[in-house]
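Structural overview for review
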Amino acid sequence: MGGIGVISTVGIGFLNGHPGRNLRIGHMDAIRDEIRKAREKTQGVLGVNIMTVLTNFADMVRTSIDEGIDVIFAGAGLPLDLPKYLQAGNRTKLVPIVSSGRAAEILCSKWKRNYDYLPDAFVVEGPKAGGHLGFRVQDLDNLSHSLETLVQEVRDVVSRIRDQFRKEIPIIAAGGIFGGDDMYRIMEKGASAVQLGTRFVATEECDASPSFKEAFVRSREEDIRIIKSPVGLPGRTIFNRFLGETAEGKRRPESCKYNCIKTCNPKTTEYCIANALVEASHGNLNDGFAFSGTNAPRVDKITTVKQLFEELKEGYRQMKQSLEGRISS
């Protein structure tokens, strides 16, 4: 069992103080720094996650490819033109994040027709994920949108692609996966791998502040709620006083300092999401909040990445052994 280390690019320049005279240059410098720092620490596979709705999406993609990033994950909208940024000799793999078989089919059709390129994998994100969700609020509890159902939908799409173009497209399942037993079950349904976010927040290696991590350890089931994000999508969070104040209209920005999201209108938005996420990552949860998956309340301690991997591997092994034992008996 191995993993891909993924760098989030949302507000990356704001986090480490790069923006000053020029926000655009500052963000790109920050991406380069993070990729290079990660390369110094590992020989493993590295990826970046870039939201399609970011105003500097194109610059972030180009910079990541120039730095030789192994994988670009792109969601919060359909990255219909992502392959156009690749040039001959680039080794970067392109992995869209989708929440339906229809979205996967649209991307395959558009990419093949316009760029003669097909996705190198799909992240299939279900309704139990943290952060921005590709569903209407009223559909989040609909069984027809369960992760198992979505994986099967996308599996049908990639099976047709394989038959037509001889291209294997692995499925990475995401959203609501906590332990190795969950990994085994969803991989038996057709996923080739899984994506975990919430659990890796509560590790010593995560570069968020200790207060941010402790918010996950202290969270209870009633704290996990769905909010409306300035991005234009519902999002799952650990609800706190700051979010309560946004709902009461007490956190409206006077102006837009960052111009970071295409869909955000500073005249109508309830709060500045860029500022809120930066403040939270620095530990100031009075002026920000944490996105999380449904399983945050199950996180009960801060661990290490190595220990977490060992736990996941053991849970996977035990579930496989248990189910195979039932079948053989």
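Up top you'll find the structure we're talking about.
Below is a short write-up of the structure. The structure presented is a predicted model; accordingly, all values stated were derived computationally and were not measured.

Conventions and cut-offs
Residues numbered from 1 in each chain as written. Predicted model: local features only at pLDDT ≥ 70, side-chain atom pairs only at ≥ 80, totals over all residues. Heavy atoms only, no water. 1 Å grid on protein atoms, 1.4 Å probe; cavity = no way out; pocket = protein on both sides within 12 Å on 5 of 7 lines; lining within 4 Å. Points joined across faces, edges and corners; volume = space filled by probe spheres on them. Helix = DSSP H or I, 4+ residues; strand = E, 2+ residues; numbered from the N terminus. Nonpolar A, V, L, I, M, F, W, Y, C, P; charged D, E, K, R; others polar. Pairing = 2+ DSSP bridges. Axes fitted to C-alpha atoms, helices over the stretch in contact; angles between N-to-C directions. Salt bridge = Lys/Arg side-chain N within 4 Å of Asp/Glu carboxyl O. Buried < 20%, exposed > 50% of the residue type's maximum accessible area, 1.4 Å probe, protein only.

**Here we look at the layout of surface pockets**
Considering only enclosed or pocket space, the second largest pocket measures out at about 470 Å³ in volume. Residue lining of the second largest pocket: 23 residues in total, with Lys128, Leu147, Glu148, Gly175 and Gly176 positioned closest to the centre. Those elements that place two or more of their residues in the lining of the second largest pocket are helix 5 (147-165), helix 6 (180-188) and strand 9 (224-228). Looking at side-chain class alone, the lining of the second largest pocket contains eight nonpolar, seven polar and eight charged residues.

**Comments concerning the sheet that holds strand 4 (residues 93-98)**
Read across the open sheet, the seven strands follow the order 1-2-3-4-5-7-8; overall the sheet is parallel. Each edge of the open sheet is held by one strand with a lone partner, namely strand 1 (4-8) and strand 8 (193-195). Averaged over all adjacent pairs, the angle separating strand axes in this sheet is 25°, with direction ignored. Where strand 2 (residues 45-51) and strand 3 (residues 71-75) come together, five bridges link them in parallel fashion. Residue pairing across strands places valine 48 opposite isoleucine 72, the latter belonging to strand 3.

**With respect to the pattern of salt bridges**
Summed over the entire model, instances satisfying the criterion amount to 24 salt bridges. The residue aspartate 287 makes a salt bridge to arginine 251 at a minimum N-O spacing of 2.7 Å. Within this pair, whereas aspartate 287 is found in the loop between helix 10 (273-281) and strand 11 (290-291), its partner arginine 251 is found in the loop between helix 9 (241-247) and helix 10, the two being separated by 36 residues in sequence. Owing to a relative accessible area of 26%, aspartate 287 belongs among the partly exposed residues under this scheme. Look at arginine 251 and you get partly exposed, because its relative accessible area is 23%.

**Quick look at empty space enclosed by the protein**
This structure, assessed with the given rule, holds one cavity of 30 Å³ or more. Here the lining of the largest cavity is composed, by residue class, of 10 nonpolar, three polar and no charged.

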